[in-house]
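Report on the structure
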Amino acid sequence: MKRYLSWWLGMLIAALACHAAAQDYPARPVRMIVGFAPGGGNDILARLMAEQLQRRLGQPFIVENRPGASGAIAIGAVKRAPADGYTLLVGPSSGMTVNPALYRELDYDPVADFAPISLVGDIPMILVVKKDSPARSVGDLAALAGKNGKPLFAGAGANSFQLATAVFSSRTAIPAEVVNYKGNSAVVAALLSNEIDFALVDAAAVLPQLRSGHLRALAVTGARRFTLLPDVPTVTESGVQGFAMSFWSSLYAPAGTPDAVVATLQSAISAALREPDVARRLLELGIEPVGSSSQALAETMAREIPLYKQAAKAANLSLSP
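Below or above, wherever it landed, is the structure these notes cover. Please read these numbers as outputs of a predicted model, since none were measured by experiment.

**Digging into unusual backbone geometry**
- Of note, the amide linkage connecting Y25 to P26 takes the cis form, showing an omega dihedral of -10°.
- We note that A69 has phi near 55°; this positive angle belongs to a residue other than glycine.
- The residue A69 is located in the loop between β2 (61-65) and α3 (72-79) in this model.
- Look at A69 and you get exposed, because its relative accessible area is 53%.
- Notably, A173 is not glycine yet its phi reads approximately 60°, a positive angle.
- Under the relative-accessibility criterion, A173 is labelled exposed at 64%.

Here it is as structure tokens:
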């Protein structure tokens, strides 16, 4: 009995200490791990969020870049960190929902190994064609493929865009042969030089060419229209019922992080994203500010992971780690 009481008291003291630590969070600097090199969209987003979290929570939030392995190096580092809220992951959807569909083996489970905190920004893909293409809608693009009787050539700048193109092709019944390029800028160049017929490209990479009139946007792939392209319909509005697909960036902590810590971070992010200047700076990156509950982020992952796995299997896409 004494041994049991001693064990119980020890557990109670540990729980109370953990609760007190969570209530005082953050009491020291916090690391935010990014799986990509400095200067890219995810890095800039992370630094903007770090600046806002530091201002609201009173401790330094330090961005640490750990690029490599499609983000898996950074993801693994956060997975192995203590679950105390002092090591966070700025996690793009490529690492948390696309990698599980594409890679046969991963050393992390995006659901079991992490506590979702909040969606930060949505990154819609823009369906674009060359300026002299006869296609002016998703329906026109499908008709063009049917008229020629041959697959259209579609450009993809990364594994995630290759998978997205496969999903789009399947849902729209547009036969497409995917041509892979080294990044979205190379995809845009291929469109301009008539090497490919269409592409799904993130907004930041294609907005200058759309504004100059060198490329034409047919639709956006998100659930709603993109703020900077209000006249461009969604794919759903274009007649493909129930289609909504975009990439995003979110914040995670290791699994087991106290709920109070997660709630503190989620609340601070939501407050930051309501500020007009923060929203403007994200839109300049082609990112639609979101903000969400941790539950909404978990639901997004639960919806997308099986969708991408099914699409990867149908397209016979599989990669080694």
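**Some remarks on the environment of P38**
- Within the fold, P38 resides in the loop between β1 (30-34) and α2 (41-57).
- Overall, P38 belongs to the exposed group, its relative accessible area being 58%.
- In this structure the C-alpha to C-alpha distance between P38 and N65, which are 27 residues apart in sequence, comes to 6.7 Å.
- The contacts of P38, once residues within four sequence positions are left out, are D43 and N65.

**Some words on the pattern of salt bridges**
- Enumeration over the complete set of coordinates arrives at 12 salt bridges.
- In this structure, R66 and E64 form a salt bridge, with 2.7 Å as the shortest nitrogen-oxygen distance.
- For R66, a relative accessible area of 30% gives the class partly exposed.
- Residues participating in the shared-partner salt-bridge network are E51, D277, R280, R281 and E284.

Cut-off values and rules
Residues numbered from 1 in each chain as written. Predicted model: local features only at pLDDT ≥ 70, side-chain atom pairs only at ≥ 80, totals over all residues. Heavy atoms only, no water. Helix = DSSP H or I, 4+ residues; strand = E, 2+ residues; numbered from the N terminus. Buried < 20%, exposed > 50% of the residue type's maximum accessible area, 1.4 Å probe, protein only. Contact = heavy atoms within 4.5 Å. Salt bridge = Lys/Arg side-chain N within 4 Å of Asp/Glu carboxyl O.

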